[in-house]
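Chain by chain, the residues:
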There are 2 protein chains.
Amino acid sequence: MAKRIGRGTAELTCRPAILGQAAVGGQTEKDGPLGHAFAEIFAEARLGEKCWEMSETRLQQAAMRHALTSAGCTAQGVDLHLGGDLINQCSATDFALRELGIPLSGLFSACGTFAQALAMGALALESGAFTRVSACASSHFCAAEKQFRFPLEFGGQAPPTAQRTATAAGAAILGQSASGPRISRVIFGKVTDLGVKNANEMGAAMAPAAWDTLRRFLEDTDTKPGDFDVILTGDLGEIGSLLLCELAQAEGGLDISGAHKDCGLLLYDTKAQDAGAGGSGVGCSAAVLCGEILPALRAGALRRVLFLGTGALLSAISPLQGESIPAIAHGVEFTVDN
Amino acid sequence: MAKRIGRGTAELTCRPAILGQAAVGGQTEKDGPLGHAFAEIFAEARLGEKCWEMSETRLQQAAMRHALTSAGCTAQGVDLHLGGDLINQCSATDFALRELGIPLSGLFSACGTFAQALAMGALALESGAFTRVSACASSHFCAAEKQFRFPLEFGGQAPPTAQRTATAAGAAILGQSASGPRISRVIFGKVTDLGVKNANEMGAAMAPAAWDTLRRFLEDTDTKPGDFDVILTGDLGEIGSLLLCELAQAEGGLDISGAHKDCGLLLYDTKAQDAGAGGSGVGCSAAVLCGEILPALRAGALRRVLFLGTGALLSAISPLQGESIPAIAHGVEFTVDN
């Protein structure tokens, strides 16, 4: 059973365990500081497909295959899958699940989808309805450029505040186990919008959502930033990360700079790899969490992590219609017992 | 607590109650057989907005306003919102929640999203993490035509197998109560694809998914079609409904024609209203359930209903890329005690 400890915040008594996890990525992701963290690298960006959307489906299937192996179970042993992506109508996920055959609950929180999948999956397990659930989320640089900006052939240039969509997927299998990282608390984000209208300023658009969720989580759980080994945001990048630290200082009187890390800044060497203000995309935080952070928790190198999956909820046309960018951040707390 | 009774199928012991519900729609929906079922009608399709996408956001907000009134609570009294729509990146929902301020878990199962929202919301309540949750789903004829087919100005013609996307939204508030319709069991659908490639044959694409979920539900719960007052599919329309009945007969030896109804066929007088093979869209099943079926359960006119929300998981471009149409159906069983 879970316990309500705030509006949208829950403490989990069964504390579902991460039974296994895996990240897969492309060549640029392999060339970055976390190149070692991927179970499989696809140097050929199309993954043998004719359309970028289907290439992303193959990323998801590969991540799930490795995660299932890591957990020592088969797709047939999973009761429910939770996942999503950035492709219109979440079709990378829908097509991936057509072959996996696990009952599907499709989710969308833009780049915060993996945190949402873990949070919903943990609650579903706490309800007692399932034995094991899986979570997967992905993005593909070429699919995202085509859909949100320009096809690659156009040769569009990005301003330095823009972030690079990761070609990556992360997947995790959740269930009951006495060992390994466990999900102890979850929090669902509110849609937050301070009026940023520039789609090349995603970090700035998302930082207030990350702060809102962090502030509520610390209040609801009576914790402080120093209680966590890492407060890990999804893809705030350089600018959003600075803004989150500033917001925490200005509005909460909190110095989070010691504990805060951002998946978008961990994934690439932004300067050397021409990754703008850092990585982004649904697959960015999913891959960094599954490839680097969960293994560190499993190894005992980290003992308590607050993962804040950040998402910018714009569509390709909403900024052109004059709308500012709504954002959201969902939180998942991981702890290890032994 | 919930109890696992099959893979992706759960029996709920708390049986969350529907505390309130409402449907809103457009003029065509008012002119149909269920015109009486709407809490508010928007004769002006733009709802005062300049873009169809934002018009759909206003539909959601109106449905939520009426549902909250019906439940006798405010948005502030709701812990978590579950919902979605067909607009790219689910932006009708994201923008609606920007103003409602309820923590959001965004979902996508195409036209099956409302059933998914009720199922996920019921499980979240069973986990004990929340006091009240809300569910909302919407579609808008003009937004869907623009995004999936042609802008209205083009004057495109639809073949008779095509279905009309409803301009409608449905919303429900779930919590604990001794009276009213309750959710007793839920089942999550698997992605099913028998190879239909014609995007104007959605009913045919979705019927096998509806049958797969119905078959699994009947097996997992040891029930038969006659046990239900209504087996209510989302938007199979004329063709998909015929195919579902044929599949049930051929593969299960079951005659479901007596119990089966389809929201897409209830919403419009298909011949008189030029609605092709019937209504469709995320808002179709959400509005018919909230406007007609839940009130009938509340009044005792119905006592046991199996709602199968059907969704076609194609994107606007996936059929053009040669892909067939994956589909899904999630099930929610409603019962009344008194």
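Everything that follows concerns the structure shown earlier in this document.
So, a few notes on the structure that sits alongside this text. Everything numeric in this text was worked out from a predicted model, so none of it was measured.

1. Examining the relation of the copies chain A and chain B
Mapping chain A onto chain B calls for a screw motion: a turn of 180° about the axis and a shift of 0.0 Å along it, with 0.0 Å RMSD after fitting. Here the symmetry operator amounts to a two-fold rotation axis.

2. So, the pattern of salt bridges
All names here are of chain A. The tally for this structure, following the rule as stated, stands at 36 salt bridges over all chains. Put simply, Arg-58 and Glu-49 hold a salt bridge, and the shortest N to O gap is 2.8 Å. The exposure class assigned to Arg-58 is partly exposed, which follows from its relative accessible area of 24%. Taken together, the shared-partner salt bridges connect Glu-11, Arg-185, Arg-304 and Glu-333 into one network.

3. A word on the interface of chain A and chain B
Counting residues at the interface gives 66 residues for chain A and 66 residues for chain B. Between chain A and chain B lies a buried interface of about 5,000 Å² when both sides are counted; carbon and sulfur atoms form 58% of it. For the chain A face of the interface with chain B, the top three residues by lost area are A:Arg7, A:Gln89 and A:Arg98, together amounting to 15%. For the pair chain A and chain B, the interface holds six salt bridges. The partner of A:Asp79 in a salt bridge is B:Arg4, with the nearest N and O atoms 2.7 Å apart. Counting every contact that joins chain A to chain B gives 32 residue pairs in polar contact (both at pLDDT 80 or more).

4. Notes on the pairing of strand β15 (residues 327-335) of chain B
Residues and elements named next belong to chain B. In terms of residue burial, β15 counts as a mostly covered element, since nine of its nine residues are buried. Neither face of β15 is open: one carries Ala-327, Ala-329, Gly-331, Glu-333 and Thr-335, the other Ile-328, His-330, Val-332 and Phe-334, and all of them are buried. Relative to β15, strand β10 (residues 182-187) is paired through five bridges, and the arrangement is antiparallel. Note on β15: the bridge partner recorded for Arg-182 is Thr-335. Relative to β15, strand β14 (residues 304-312) runs antiparallel, the two being bridged by nine bridges. Opposite Gly-309, over in β15, you have His-330 as the bridge partner.

What counts as what
- Residues numbered from 1 in each chain as written.
- Chains lettered and ligands numbered in written order.
- Predicted model: local features only at pLDDT ≥ 70, side-chain atom pairs only at ≥ 80, totals over all residues.
- Heavy atoms only, no water.
- Least-squares fit on C-alpha atoms with pLDDT ≥ 70 in both.
- Salt bridge = Lys/Arg side-chain N within 4 Å of Asp/Glu carboxyl O.
- Buried < 20%, exposed > 50% of the residue type's maximum accessible area, 1.4 Å probe, protein only.
- Contact = heavy atoms within 4.5 Å.
- Buried area = accessible area lost by both parts, 1.4 Å probe.
- Polar contact = N/O pair within 3.5 Å; in protein donor to acceptor, adjacent residues only side chain to side chain.
- Helix = DSSP H or I, 4+ residues; strand = E, 2+ residues; numbered from the N terminus.
- Pairing = 2+ DSSP bridges.

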